[in-house]
Amino acid sequence: MQQLDSSEPAAPPGLQQRLRSDFATAALHWTIVALFLVNLTTGLRIASDASDASWSSAVDAVLLQGDVYVLHIWSAWALTAACIAYIIFLLAAHLGPRVALDASRFRALSSHDRRTRWQSINVLIYWLAFLLVGAAAVTGSLMYFHLLPESQSLVTTLHRVVAWTLFAYIFLHVIAQWAMAGWRGLLKIVTPRLAYMAAAVIAFAGAGAFAAGLFALDQMTLPKLVVAKVSEAPSLDGEIDDAAWRTAGMVVIDTHKGANLPNGSIPVHLRAVHDGTHAYLLFEWPDTTRSQKHLPLEKTAEGWRVVQTDFARADEDRYYEDKFAVMLSRDSQLAALHTSHLGARPLDDLPGPKGGRGLHYTTDNSVVDVWHWKSVRVGPLGQIDDNYFGPPRAAPESAGARYTGGYTQDPKTGGGFTMNWEKFDTGTVQPRWLPRSPDVLAERMGPINMDPDVGDDGLWWLPRSLMVEATPEHDALFPVGTVMPSVIVEEPFQGDRGDVEAVAEWRDGWWRMEVKRKLESTSDYDVTIGEGTYLWVSIFDHTQTRHSFHLRPVQLELQ
């Protein structure tokens, strides 16, 4: 935003003329500055969450924390609206000459008069700002509306470069203003005169209309999936040749920024039907490997150790199972944004996340339904782990225990899985149980390749029925170098946590998962599946927390 009118005459020599801007220019100038700073700091916080972040992570300690996704998107919309308002203001007030790039402007670049020359230089700098803001709006819109799903990584990089360039522009702008008129030129933006008020009203009204239109566009372009009623429900058997699936509508959800994915992106194909009582959903996504090496135990000369790289910080993305998550909300299409709170300490009076990345929780006492399928831990149970995001929970009583904000599991009355160690340690651990014999272990696991990027054919979980209590005598049967699963599966969840049935199969480079759950829910921790329900998905490609995601949900329409 320029601070000086090019139409103002240069001050005669020796005349201490007080330079003043107009009210509309000053108001828009400071509005744009404030919105840009909010947008930049929230954008840097989002960027700092990436595993390969460098510049943004260097200033992590001073960045905003908490509900930064919503602040970033809303400030971006408001910033664009403010820039639109400035364009309308220039047109309504007939002040186009302020920023005109004509032949006289270019000739003035070689003028002997210092102020005339710097006025032209400043206009060129203004146009640089216009182009950068336009580029930021375009790249941001491409990411938000997923208009170029196959080029999201490139678009994200361009958006980041534009943001840093705009930050550098601030210093260029101030220096150029000072070079043109000194301190008087800089201070005129804080002492505006009342002028062009009618044009200002028109400009702000135009900005409001633009913002309302943008909000309406966002609502109208949400992807929708028709959930048809069928007379014969599909079978949950891992096969997708049911008549219901062949006739069901389908949407493709592009997800991004996930670890271990091609350019961080992966599409999810979703089909859904219902029979009046239950909803049936089919999720399909490509994955070149069936990753089952979930924190395996390996025997060393010192004892058993957990094979991992960063599990202690809840940021393991090598030796972990494939996972998939679904989130449902009846209340808001912004639930994915409002439940993601970034930073090392988003809650002042509660612990932060172990990895310093952020927490999931709601701030209005609402509950968002989360289905968390874990291929090793709950896949054998024929269920999805039914979880939820709710208000922040109390801090754990055990020192050093992981705090998860408002993310937790639905209550259960029995069943589930257990991790096979008394207490996790990055050194050695003590298993609770051991297989009945090394032969039992070898028969279940088959050939083992410990490269985390290589898929697995065996069963990387052990049923409790095949285990015996770990004793030194029984431990001696297993030679150094033995690898065994750390997951002990008992029986299916009972209670609310076992409400969602699921069967998944990996075949020919694709995961295919069939899901069944009642449409109506009486649980305080679930969301009813009905007309207008919003749905999001995430892919965890052998990663603990660095899942892919998408901001805008799919809206379900039941027939």
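No experiment lies behind these values; they were computed from the predicted model shown.

Draft legend 1. Looking closely at the overall build of the protein. Looking only at helices and strands, the protein features eleven helices and 22 strands. Accessible area of the protein: about 25300 Å², with a carbon and sulfur share of 59%. In the protein, which carries 47 positive and 62 negative side-chain charges, the distance between the mean positions of the two groups comes to 11 Å.

Draft legend 2. Main features of unusual backbone geometry. In this structure, Ala-314 is a non-glycine residue whose phi angle is positive, near 55 degrees. Within the element layout of this structure, Ala-314 appears in the loop between strand S6 (303–306) and strand S7 (323–329). For Ala-314, a relative accessible area of 9% puts it in the buried group. Here Asn-365, not a glycine, exhibits a phi torsion of approximately 70 degrees, which is positive.

Draft legend 3. Region of the structure containing the sheet that holds strand S5 (residues 297–300). In space, the three strands of this open sheet follow the order S6-S5-S17, with antiparallel pairing throughout. Among the strands making up the open sheet, the edge pair consists of S6 and strand S17 (483–484). The sheet contact formed by S5 and S17 spans two bridges and is antiparallel. Bridge pairing in S17 places Glu-298 opposite Val-483.

Draft legend 4. Main features of the packing of helix H1 (residues 23–48) against helix H6 (residues 152–187). Contact pair H1 / H6: the axes reach a minimum separation of 11 Å and the direction vectors enclose 140 degrees. The angle between the axes of H1 and H6 places the two elements in the oblique class. The crossing of H1 and H6 is left-handed. Across the interface between the two elements, His-29, Phe-36, Leu-40, Leu-44 and Ala-47 from H1 touch Arg-160, Ala-163, Trp-164, Leu-166, Phe-167, Ile-170 and His-173 from H6. Of the residues in the contact of H1 with H6, the class split is nine nonpolar, two polar and one charged.

Draft legend 5. Quick look at the side chain of His-341. With respect to the helices and strands, the residue His-341 is situated in strand S8 (residues 340–342). In terms of polar contacts, His-341 uses its side chain to reach the backbone carbonyl oxygen of His-338, at 2.9 Å. Those residues in contact with His-341 that sit more than four places away from it in its chain are Gly-66, Asp-67, Pro-346, Gly-358, Leu-359, Tyr-361 and Thr-363.

Draft legend 6. Summary view of the packing of aromatic side chains. Under the criterion given, the structure shown has 20 aromatic pairs. Look at Phe-283 and Phe-324: their rings are 5.0 Å apart centre to centre, the planes differ by 50 degrees, and that puts the pair in the tilted class. With Phe-283 in strand S4 (residues 278–286) and Phe-324 in strand S7, the pair connects residues that are 41 residues apart, well separated along the chain. Residue class for Phe-283 comes out buried when judged on its relative accessible area of 0%. Judged by its relative accessible area of 1%, Phe-324 is buried. Ring centres 5.6 Å apart and planes at 80 degrees place the aromatic pair Phe-389 and Tyr-407 in the edge-to-face group. Placement of Phe-389 in strand S11 (residues 385–389) and of Tyr-407 in strand S12 (residues 407–409) is noted, with a sequence separation of 18 residues between them. Aromatic rings pair up to connect Phe-283, Trp-285, Phe-324, Trp-373 and Trp-511 into one cluster. Here the basic side chain of Arg-444 rests over the ring of Trp-461, its NZ or CZ set 4.6 Å away from the ring centre.

Draft legend 7. Quick look at the pattern of salt bridges. Applying the stated criterion to the full structure yields 17 salt bridges. Ionic pairing is found between Glu-284 and Arg-271, a salt bridge with its closest N-O pair at 2.8 Å. Of the two residues, Glu-284 is situated in strand S4 and Arg-271 in strand S3 (residues 266–274); the sequence distance between them amounts to 13 residues. The exposure class of Glu-284 is buried, given its relative accessible area of 7%.

Draft legend 8. Helix H10 (residues 438–445), seen in detail. Regarding H10, the residues found buried are Val-440, Leu-441, Arg-444 and Met-445. The buried residues of H10 occupy one face: seen down the axis, they fall within an arc of 115 degrees. Those residues of H10 that are exposed and aimed more than 90 degrees away from the buried face are Asp-439 and Glu-443. Buried-residue contacts for H10 involve strand S14 (433–435), strand S15 (462–463) and S17. A positive phi of about 65 degrees marks Gly-446, the residue just after H10.

Draft legend 9. Seen up close, the pairing of S5. Neither face of S5 is left uncovered, since the one carrying Leu-297 and Lys-299 and the one carrying Glu-298 and Thr-300 both have all their residues buried. Summarising the sheet, S5 and S6 pair through four bridges and their orientation is antiparallel. Across the sheet, residue Lys-299 finds its bridge partner in S6, namely Trp-304.

Draft legend 10. Structural view of the pairing of strand S2 (residues 250–255). On S2, burial follows the alternation: Val-251, Ile-253 and Thr-255 on one face are buried, whereas Met-250, Val-252 and Asp-254 on the facing-out side are not. Bridging between S2 and S3 involves six bridges; their strand directions are antiparallel. By the bridge assignment for S3, Met-250 is matched with Arg-271.

Draft legend 11. The sheet that holds strand S18 (residues 487–489), seen in detail. Within the open sheet, the three strands sit side by side as S13-S18-S15. Their pairing is mixed. Of all the strands in the sheet, the pair left with one neighbour each is strand S13 (417–419) and S15. In this sheet, S18 lies alongside S13 in antiparallel orientation, the contact comprising three bridges. Bridging from a neighbouring strand, Met-419 pairs with Val-487 of S18.

Draft legend 12. Broad picture of the environment of Gln-119. Tracing the chain through its elements places Gln-119 in helix H5 (residues 114–144). When its relative accessible area of 12% is taken as the criterion, Gln-119 is described as buried.

Draft legend 13. How the structure looks around the nonpolar core. Formed by 60 residues in total, the largest nonpolar core has its most connected members in Leu-281, Phe-283, Trp-285, Phe-324, Trp-371, Met-513 and Val-515. Excluding residues within four positions of it along the chain, Trp-285 makes contact with Pro-267, Val-268, Phe-324, Trp-373, Gly-509, Trp-510, Trp-511, Met-513 and Ile-539.

Draft legend 14. Examining a nonpolar patch on the surface more closely. Among the surface-exposed residues, Trp-30, Val-33, Leu-37, Trp-178, Trp-183, Leu-187 and Val-190 lie close enough to one another that they form a single nonpolar patch of about 740 Å² accessible area. For the nonpolar patch, the secondary structure elements donating two or more residues are H1 and H6. Among the secondary structure elements, Trp-30 is positioned in helix H1. Using a relative accessible area of 41% as the deciding quantity, one classes Trp-30 as partly exposed.

What counts as what
- Counting from 1, residues in each chain are numbered in the order their sequence is written.
- Local features in this predicted model are restricted to residues whose pLDDT is 70 or higher, and side-chain atom pairs enter the listing and the counts only when it is 80 or higher, whereas totals over whole chains, interfaces and linings include all residues.
- With hydrogens and water stripped out, all remaining heavy atoms of the structure feed into the side-chain values.
- For the purposes of this entry, the term helix denotes a DSSP run of H or I that reaches at least four residues, the term strand denotes a run of E that reaches at least two, and both are numbered from the N terminus.
- In this description, accessible areas are obtained by the Shrake-Rupley approach with a 1.4 Å probe, and a residue is regarded as covered only by the protein chains that are shown.
- Working convention for charge: Lys and Arg count positive, Asp and Glu count negative, and His plus the chain ends are omitted.
- Taken as the charge centre is NZ of Lys, CZ of Arg, CG of Asp or CD of Glu, depending on the residue.
- Categorising residues by exposure relies on relative accessible area from a 1.4 Å probe, with only protein chains included: less than 20% of the type maximum marks a residue as buried, more than 50% marks it as exposed, and the intermediate range marks it as partly exposed.
- Any two strands with at least two DSSP-identified bridges between them are counted as paired.
- Angles run from 0 to 180 degrees between N-to-C directions of axes, and those axes are lines fitted to C-alpha atoms, restricted for helices to the stretch in contact.
- Throughout this description, any angle smaller than 35 degrees is read as roughly parallel, any larger than 145 degrees as roughly antiparallel, any in the 65 to 115 degree range as roughly perpendicular, and the remainder as oblique.
- Handedness of each helix crossing follows the sense of rotation of the near helix against the far helix: counterclockwise by less than a right angle gives left-handed, clockwise gives right-handed.
- Residues count as neighbours in contact if any of their non-hydrogen atoms are within 4.5 Å of one another.
- We call Asp, Glu, Lys and Arg charged. Ala, Val, Leu, Ile, Met, Phe, Trp, Tyr, Cys and Pro are nonpolar, and the rest, Gly among them, are polar.
- The term polar contact refers here to a pair of N or O atoms within 3.5 Å; inside protein, the definition further demands a hydrogen-donor-capable atom paired with an acceptor-capable atom, and it admits residues adjacent in sequence only when both atoms are side-chain atoms.
- A pair of Phe, Tyr and Trp rings is counted when the ring centres sit within 6.5 Å of each other, with Trp represented by its six-membered ring. The angle between the planes then sorts it: under 30 degrees is stacked, over 60 is edge-to-face, the rest tilted.
- Here, over-ring charges are defined by two tests on the NZ atom of lysine or the CZ atom of arginine: distance to the ring centre within 6 Å, and angle to the ring normal within 35 degrees.
- By convention in these notes, a salt bridge is any Lys or Arg side-chain nitrogen within 4 Å of a carboxyl oxygen on Asp or Glu.
- It is the directions from the helix axis to the C-beta atoms that the arc portrays.
- Among buried residues, the Ala, Val, Leu, Ile, Met, Phe, Trp, Tyr and Cys ones that are joined through side-chain atoms within 4.5 Å form a nonpolar core.
- In this scheme, patches are assembled from residues that exceed 30% relative accessible area and form no salt bridge. Like charges are connected within 9 Å, while nonpolar side chains (Val, Leu, Ile, Met, Phe, Trp, Tyr) are connected within 5 Å.

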